[in-house]
Amino acid sequence: MSALKTSDKILVVGAGAMGGGIAEVAAQAGHIVYLYDMQAPMLEKALKAIRKNQELLVSKGKSLPENARNVVERIHCIDRLESASDASLAIEAIVENLEVKQSVFRKIEEILNANAILATNTSSISITAIASKLARPERFVGMHFFNPAMRMKLVEVIAGIASSEHILSVVYETAKTWGKIPVYARSTPGFIVNRVARPYYAEGLRVLNEGALDIATIDAYMRNACSFPMGPFELMDLIGHDVNFAVTNSVFNAHYGDKRFAPSLIQQELVLGGRLGKKTGQGFYDYKEGALALRTQTLDAKDGHMAVIASQNNPMIGGILDRFSAAGIRVQYEDIPPNQIRIGDSVLALTNGGTATSRSAEGKIQNLVHIDCALDFALAKIALLAKSDQCSQVNFDGVAGTLQKAGYQVSRIDDIAGMLACRTICMLANEAADSALQGVASIEDIDIAMRFGTNYPKGPLRWADDLSLKYVFEVLSNLSKHYGEERYRVSPLIQRKAISGDYFYGAT
Ligand SMILES: NC(=O)c1ccc[n+]([C@@H]2O[C@H](COP(=O)([O-])OP(=O)(O)OC[C@H]3O[C@@H](n4cnc5c(N)ncnc54)[C@H](O)[C@@H]3O)[C@@H](O)[C@H]2O)c1
């Protein structure tokens, strides 16, 4: 299928944060763009922002002055939709309201010719519902850009119940020629990104709610040990709690109150109190002038050991052993359970999704300390540990000190099930797996969407494969057993693949 040609004209309706960016993307790709907004000053404001951004690209050597001038000249601000009657594609980015969008599209449908494609940038409204009032719903699709549209690569191309395959593929190919990375999705609540990302916020909020770890250390761990671009709290502060809470509520309500998506009371409290994040000067962090930065919690230096005993089978914590060897700590291999290291008479084990306390009791493991998942233990700056209640403080300190000798900053989280990163990554994979199972999008497209719509370091399904689905299943089962809540029910797809020894992508 072919993309639109640069000679095709594009209508962008709504010149706010998204519409302005989308107009710039289309103009940069060579199209004449009609930009319409019901508030004339918004057009001027959008044009000013586009001019400024183009100048910035020139000053950084990413564009030539002539190109930048052409981009701005290709954007025609119009004061009535009728002036865009020869547009081949209309992209709407107005207020997030079903009735208003339906009425604007009815008008667009009357003005544009019968072959024109109609697309909405909605983040949360059903594509099927918007299209339902059109005479020709088959030419209507979702074209979901991410903020800021010029910089974010992802575009979700979303099918409503009536969208034609042909129109979907034209929009997909057009997004590609605009330098974007498109993925296909079905019209379901939150589409791909806004659904699959929910656990990133939810698990951080749960850890905080249980008083297991402070905000700054949670953010630092997710950034420095797992390579997420931002921790959950700083990210929610940036998005704005009103927006983030509204998206969570919308996904929750759209799933008929499925507890999996239940919003957090902590976040509701921030919204009620007007602490919406960076934009109001206060959220989880205080952004007001003179405010003190929150300190992360790091353990003081402890005495460590210079020899450890490791399992011969350490697929997931081998990076720690490499760091031990590099620091002159002798590693001796013996026949002990996988992903465990004996340090003195303590056992350091990768969390299994339960608490260290229950694992210690059930497995009769003396002095058990859990370590949280990291993207790569060989590179992680921080190690996060949980002490089982049965482990003595001296033993815990010996484990922490040994990790410190290997260059890790060590922080301690209270002994909660699945710690922090482990439960977050496994829950992201769980949601991604359910989305794949329910036909929201393909396995590949879900991972692409999460990498380019949120800049996660890995797609959650690839990450699950790398951790091994057997491990992810064990973690989720233990979380489910521990909490007994619907939130932690295991995706049938993960369950099945883990039992049959299958992967999402095949063995790496
Ligand atoms: N902001 C984001 O991060 C983001 C990301 C992806 C998608 N979206 C979606 O994009 C759409 C726009 O969001 P935004 O953040 O750009 O909003 P915004 O408030 O910045 O801009 C909306 C613009 O639409 C105009 N408008 C409202 N009703 C109109 C009408 N009937 N006719 C013409 N113009 C009208 C307003 O004057 C305003 O300029 C929404 O559907 C939103 O869900 C937003």
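Residues numbered from 1 in each chain as written. Predicted model: local features only at pLDDT ≥ 70, side-chain atom pairs only at ≥ 80, totals over all residues. Heavy atoms only, no water.

Colleague: I tried to follow the domain arrangement of the protein chain on my own but got confused; where do I start?
Modeller: Often, the extent of an interface is quoted as the loss of accessible area upon association of its parts. As assigned here, the protein chain comprises domain 1 (9-187), domain 2 (309-412) and domain 3 (421-448 + 461-500). With six residues of domain 1 at the interface, the matching set in domain 3 holds six residues. In this structure, the connection of domain 1 to domain 3 is made through zero salt bridges. Scanning the region where domain 1 abuts domain 3 turns up four residue pairs in polar contact (both at pLDDT 80 or more). No other element matches the five residues that strand β8 (residues 181-186) contributes to the side of domain 1 that touches domain 3. Taken together, the residues that form the side of domain 1 that touches domain 3 break down as five nonpolar, no polar and one charged. (Domains from an automatic or database assignment. Contact = heavy atoms within 4.5 Å. Salt bridge = Lys/Arg side-chain N within 4 Å of Asp/Glu carboxyl O. Polar contact = N/O pair within 3.5 Å; in protein donor to acceptor, adjacent residues only side chain to side chain. Helix = DSSP H or I, 4+ residues; strand = E, 2+ residues; numbered from the N terminus. Nonpolar A, V, L, I, M, F, W, Y, C, P; charged D, E, K, R; others polar.)

Colleague: I tried to follow the site of the ligand on my own but got confused; where do I start?
Modeller: Looking at the ligand, there are 22 residues lining it, with Met 18, Asp 37, Gln 39, Glu 96 and Lys 101 nearest. Met 38 is positioned with one of its backbone polar atoms (N or O) 3.3 Å from a nitrogen atom of the ligand. Contacts to the ligand include Ile 94, whose backbone N or O atom sits 3.2 Å from an oxygen atom. Alone, the ligand offers 830 Å² of accessible surface; in the complex the protein occludes 77% of this. For the shell around the ligand, the leading source of residues is helix α4 (residues 98-111), giving three residues. (Near = heavy atom within 4 Å. Areas by Shrake-Rupley, 256 points an atom, 1.4 Å probe, with all protein chains shown as cover.)

Colleague: Which parts of the structure should I look at to understand the environment of Ala 327?
Modeller: Residue position: Ala 327 is located in the loop between α13 (318-326) and β10 (330-334). With 135 residues separating them along the chain, Ala 327 and Ile 192 place their C-alpha atoms 43 Å apart.

Colleague: Looking at this model, I keep getting lost on the side chain of Glu 24. Mind explaining?
Modeller: Looking at the secondary structure, you find Glu 24 in helix α1 (residues 17-28). For Glu 24, which is buried and forms no salt bridge, the nearest opposite charge comes from Lys 180, at a distance of 9.6 Å. In this structure the side chain of Glu 24 is engaged in a polar contact, spanning 2.9 Å, whose partner is the side chain of Gln 54. (Buried < 20%, exposed > 50% of the residue type's maximum accessible area, 1.4 Å probe, protein only. Lys, Arg positive; Asp, Glu negative; His and termini not counted.)

Colleague: Explain the nonpolar core here, please?
Modeller: Nonpolar side chains tend to gather and get buried jointly when the protein is soluble and globular. Core analysis: the biggest nonpolar cluster contains 126 residues, and Leu 11, Ile 192, Tyr 221, Phe 324, Leu 385, Leu 403 and Ile 413 have the highest contact counts within it. The greatest single-element share of this core, amounting to ten residues, is contributed by helix α16 (residues 421-437). (Core = buried A, V, L, I, M, F, W, Y, C linked by side-chain atoms within 4.5 Å.)

Colleague: Where do I start with the packing of aromatic side chains in this structure?
Modeller: With the rule as written, the count across this model stands at ten aromatic pairs. A ring pair is formed by Tyr 200 and Phe 228, whose centres lie 4.6 Å apart and whose planes are at 35 degrees; its orientation type is tilted. In this pair, Tyr 200 sits in helix α8 (residues 198-209) while Phe 228 sits in the loop between α9 (215-224) and α10 (232-239), placing the two residues 28 residues apart along the sequence. By the burial criterion, Tyr 200 is buried, and Phe 228 matches it. Between Tyr 200 and Tyr 456 the ring centres are 5.6 Å apart and the planes differ by 50 degrees, which places this aromatic pair in the tilted class. Linking Tyr 200 in helix α8 with Tyr 456 in the loop between α17 (443-453) and α18 (460-467), this pair joins segments that are 256 residues apart in sequence. Judged on exposure class, the residue Tyr 200 and its partner Tyr 456 are both buried. Each residue in the set Tyr 200, Tyr 201, Phe 228, Tyr 456 and Trp 463 is aromatic and connected to the rest through ring pairs, giving one cluster. Over the ring of Tyr 408 we find Arg 323, and its NZ or CZ is 3.8 Å from the ring centre. Lying across the ring of Phe 396, Arg 412 places its NZ or CZ 5.0 Å from the centre. (Phe/Tyr/Trp six-rings, centres within 6.5 Å; stacked < 30°, edge-to-face > 60°. Lys NZ or Arg CZ within 6 Å of the ring centre and 35° of its normal.)

Colleague: How do you make sense of helix α12 (residues 265-272) when you look at a structure like this?
Modeller: Because each turn of an α-helix spans 3.6 residues, side chains separated by three or four positions end up pointing in the same direction. With a side-chain oxygen positioned 3.0 Å from the backbone nitrogen of Ile 266, the residue opening α12 is Ser 264. Looking one or two residues past α12, Gly 274 carries a phi angle of roughly 75 degrees, positive in sign.

Colleague: Got a minute to help me understand the pattern of salt bridges in this structure?
Modeller: Opposite charge on two side chains makes pairing possible when the charged atoms of those side chains draw close. In the structure shown here, the tally under the stated rule is 19 salt bridges. A salt bridge links Lys 107 to Glu 82, with the nearest nitrogen and oxygen atoms 3.8 Å apart. Taken as a pair, Lys 107 in helix α4 and Glu 82 in the loop between β3 (75-78) and β4 (87-92) lie far apart in primary sequence, 25 residues in all. You can call Glu 82 partly exposed: its relative accessible area is 32%. A salt bridge links Lys 101 to Glu 92, with the shortest nitrogen-to-oxygen separation between them at 2.4 Å.

Colleague: Where do I start with the sheet that holds strand β6 (residues 140-145) in this structure?
Modeller: Backbone-to-backbone hydrogen bonds pair the strands of a sheet. The strands run either parallel or antiparallel. Strand order in the open sheet made by the eight strands is β3-β2-β1-β4-β5-β6-β7-β8, with mixed pairing throughout. Of all strands in the sheet, those with a lone pairing partner are β3 and β8, marking the two edges. On average, each strand axis in the sheet is tilted by 25 degrees relative to the strand beside it, whichever way the strands run. Inspection of the sheet shows strand β1 (residues 9-13) paired to β4 by five bridges, in the parallel sense. The residue of β4 that forms the bridge with Leu 11 is Ala 90. Relative to the sheet, helix α2 (residues 40-59) contacts β2 (33-36) and β3, its axis offset from that of β3 by approximately 165 degrees. Its contacts with the sheet put α4 on β1, β4, β5 (117-120) and β6, and the angle it makes with β5 is roughly 165 degrees. (Pairing = 2+ DSSP bridges. Axes fitted to C-alpha atoms, helices over the stretch in contact; angles between N-to-C directions.)

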